[in-house]
Amino acid sequence: QVGWWAPARLGGGRMRHPAPLMLGLSDGLGPPPLALVQGGSLRTWSYRDAAVARVQVLLTSDGLPLDADLELWHGPTNAPCKVRVYSEDARLRPFRATIETPRGPNSLGVRNLGPMEYPFSACVAAAASAPPSSDCICSAVSVQGGGVRTFPVLARVESVQVFLATEGRPLNARIE
């Protein structure tokens, strides 16, 4: 199974290495380490192997707001694919994503847009993650440019899976 992990806490509220919730990122060595991203700084991860088809990203904090830009640079022109992430409490609502990394060398940058007082932890790992669930694919709907689509979520739901794809066209979406 492929999955992520929940951040574990030490006394004094500091983050320690995450405890595995589900295995899957692993190469048998356990989950990859978290990297601290200070306010205003940039961390990058590079994958030169064309066999890396996707990476998993985890952004979390000690309960502070998280404001970040993710940029995937790929291809001969290094044209970036950008994702803007905001969470009021990234311990309670961390950001997790699987990002496709097609065709060859790729780099993923995580930039902390928050002030120095709001660091967060980031983890990016090449992984053989599962494709979107059949429920997700079967419930897919088309949303035209400028359109708004809402989905009811019951209070007992702990997480949702959102799958965004186009037929080769640029994608601009906002998920709240």
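Parameters at a glance
- Residues numbered from 1 in each chain as written.
- Predicted model: local features only at pLDDT ≥ 70, side-chain atom pairs only at ≥ 80, totals over all residues.
- Heavy atoms only, no water.
- Phe/Tyr/Trp six-rings, centres within 6.5 Å; stacked < 30°, edge-to-face > 60°.
- Lys NZ or Arg CZ within 6 Å of the ring centre and 35° of its normal.
- Salt bridge = Lys/Arg side-chain N within 4 Å of Asp/Glu carboxyl O.
- Helix = DSSP H or I, 4+ residues; strand = E, 2+ residues; numbered from the N terminus.
- Buried < 20%, exposed > 50% of the residue type's maximum accessible area, 1.4 Å probe, protein only.
- Core = buried A, V, L, I, M, F, W, Y, C linked by side-chain atoms within 4.5 Å.
- Polar contact = N/O pair within 3.5 Å; in protein donor to acceptor, adjacent residues only side chain to side chain.
- Contact = heavy atoms within 4.5 Å.
- Pairing = 2+ DSSP bridges.
- Axes fitted to C-alpha atoms, helices over the stretch in contact; angles between N-to-C directions.
- pLDDT = per-residue confidence, 0-100.
- Patch = residues over 30% accessible without salt bridge, like charges linked within 9 Å, V, L, I, M, F, W, Y side chains within 5 Å.
- Areas by Shrake-Rupley, 256 points an atom, 1.4 Å probe, with all protein chains shown as cover.

### Here we look at the packing of aromatic side chains
On inspection of all chains with the given rule, the structure shows 0 aromatic pairs. Here the basic side chain of Arg 43 rests over the ring of Trp 45, its NZ or CZ set 5.7 Å away from the ring centre.

### Topic: the pattern of salt bridges
Across all of its chains, the model carries 4 salt bridges by this definition. Between Lys 82 and Glu 71 there is a salt bridge; the shortest N-O distance is 3.8 Å. Of this pair, Lys 82 sits in strand β7 (residues 79–87) while Glu 71 sits in strand β6 (residues 66–74), placing them 11 residues apart in sequence. Residue classification places Lys 82 among the exposed residues on the basis of a relative accessible area of 59%.

### What to know about the nonpolar core
Residues Val 57, Leu 59, Ile 99, Val 110, Phe 120 and Val 124 are the most contacted members of the largest nonpolar core, which totals 21 residues. When contributions to this core are tallied by element, the ones reaching two or more residues are β3 (35–37), β4 (42–47), β5 (54–60), β6, β8 (95–100), β9 (106–112) and β10 (120–126). Sorting elements by how many residues they give to this core places β6 first, with 4 residues.

### Examining the side chain of Glu 71
What makes Glu 71 buried here is its relative accessible area of 17%. One polar contact links Glu 71 to Trp 73, side chain to side chain, over a distance of 3.4 Å. Other than its neighbours up to four places away in sequence, Glu 71 contacts Cys 81, Lys 82, Ser 107, Leu 108 and Gly 109.

### Some remarks on the sheet that holds β4
The strands that make up a sheet are held in pairs by hydrogen bonds between backbone atoms, and each pair lies either parallel or antiparallel. If you trace the 4 strands from one edge of the open sheet to the other, you get β4-β9-β6-β7, paired in antiparallel fashion. The outermost strands of the open sheet, each flanked by one partner alone, are β4 and β7. Each adjacent strand pair in this sheet contributes to an overall mean axis angle of 15 degrees, direction not counted.

### What to know about the confidence of the model for the chain
When the pLDDT values of the chain are averaged, the result is 77; 81% of them are 70 or greater. Within the chain, the lowest mean pLDDT, 34, falls on strand β2 (residues 19–20), and the highest, 94, falls on β3. Segment residues 1–28 is flagged for pLDDT under 50; beyond a separation of four residues in sequence, or across chains, it makes 70 contacts in the model.

### Focus: a nonpolar patch on the surface
Taken together, the side chains of Val 153, Leu 154, Val 157, Val 160, Val 162, Leu 164, Leu 171 and Ile 175 make up a nonpolar region of the molecular surface, amounting to roughly 730 Å² of accessible area. Residue position: Val 153 is located in the segment after α1 (134–138).

### Let's talk about the environment of Gly 63
Its location among the elements puts Gly 63 in the loop between β5 and β6. Distance in space between the C-alpha atoms of Gly 63 and Tyr 118 is 9.6 Å, their sequence separation being 55 residues. Not counting the four nearest positions on each side in its chain, Gly 63 is found in contact with Glu 88, Asp 89 and Arg 91.

### With respect to the side chain of Asn 106
Position of Asn 106 relative to the elements: it lies in strand β9. From its side chain, Asn 106 meets the backbone oxygen of Thr 101 in a polar contact 3.3 Å long. Not counting the four nearest positions on each side in its chain, Asn 106 is found in contact with Trp 45, Ser 46, Tyr 47, Leu 72, Trp 73, His 74 and Thr 101.

### Quick word on the sheet that holds β5
Pairing in this open sheet of 4 strands is antiparallel, and the strands run β3-β10-β5-β8 from one edge to the other. Only two strands of the sheet have a single partner each, and these edge strands are β3 and β8. Pairwise comparison of adjacent strand axes, ignoring direction, gives a mean angle of 25 degrees for this sheet. Here β5 pairs with β10 via 6 bridges, running antiparallel. Bridging from a neighbouring strand, Val 55 pairs with Ala 126 of β10.

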